[in-house]
Amino acid sequence: MAIKVLFLCTHNSARSQLAEGLLRSLGGSDFEAFSAGTEQTHVRPLAIKSMAEIGIDISAHESKVLDVFLDKDIDVVITVCDSANDTCPVFPRAARRLHWSFPDPSKAQGSEEEQLAVYRTVRDAIRARIENELIAPARQ
């Protein structure tokens, strides 16, 4: 049975979308990945671009609010920003709740290439946490 993981962030526009896309791609049938935010906005184009660079298409992803997941059977809830961690409601059916703090790439300044470099850094940091803390233990 697949482990259901929900990634939460404030706007569900970058970090949580990166995490959902990465786990969907890397986790295979061992995981079901979802993402949501405390507020609904849109998926940031540079998040989509940074994932496309590594062969993962999140262009069809949509920003979602966390309310739609409150009554769902979620095994692991992971907040990926400090604001979402502070305001995260209780998910009574979740076996684990984790907090992984990552900088907000949407706040990056400079040229598009400089901003994209920040998205890549955050993407790669999220990937490392997913591989080391979710995938590796599940496959042992």
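Scroll up a little and you will see the structure.
Here is a short report on the structure shown in this document. Since this is a predicted model, take the numbers as computed values, not measurements. (Residues numbered from 1 in each chain as written. Predicted model: local features only at pLDDT ≥ 70, side-chain atom pairs only at ≥ 80, totals over all residues. Heavy atoms only, no water.)

A look at the sheet that holds strand β3 (residues 76–79)
Then comes step 1: Taking strand neighbours across the sheet as the criterion, the 4 strands line up as β2-β1-β3-β4 in an open arrangement whose pairing is parallel. Looking along the sheet, the strands with just one partner apiece sit at the ends: β2 (31–37) and β4 (96–99). For this sheet, the mean inter-axis angle between neighbouring strands, taken without regard to orientation, is 20°.
Then comes step 2: Bridge analysis of strand β1 (residues 3–9) against β2 gives 7 bridges, and the strand direction is parallel. Opposite F7, over in β2, you have S35 as the bridge partner.
Then comes step 3: Lying over the sheet, helix α1 (residues 15–27) contacts β1 and β2, oriented at roughly 175° with respect to β2.
Then comes step 4: Those strands touched by helix α4 (residues 112–138) are β1, β2, β3 and β4, and its axis lies near 165° from that of β1. (Pairing = 2+ DSSP bridges. Helix = DSSP H or I, 4+ residues; strand = E, 2+ residues; numbered from the N terminus. Axes fitted to C-alpha atoms, helices over the stretch in contact; angles between N-to-C directions. Contact = heavy atoms within 4.5 Å.)

Brief notes about the pattern of salt bridges
Then comes step 1: Evaluation of the coordinates by the stated rule reveals 12 salt bridges.
Then comes step 2: Taking the shortest distance from any N to any O, the salt bridge between E113 and R120 comes out at 2.9 Å.
Then comes step 3: A relative accessible area of 48% means that E113 is categorised as partly exposed.
Then comes step 4: Residue classification places R120 among the partly exposed residues on the basis of a relative accessible area of 22%. (Salt bridge = Lys/Arg side-chain N within 4 Å of Asp/Glu carboxyl O. Buried < 20%, exposed > 50% of the residue type's maximum accessible area, 1.4 Å probe, protein only.)

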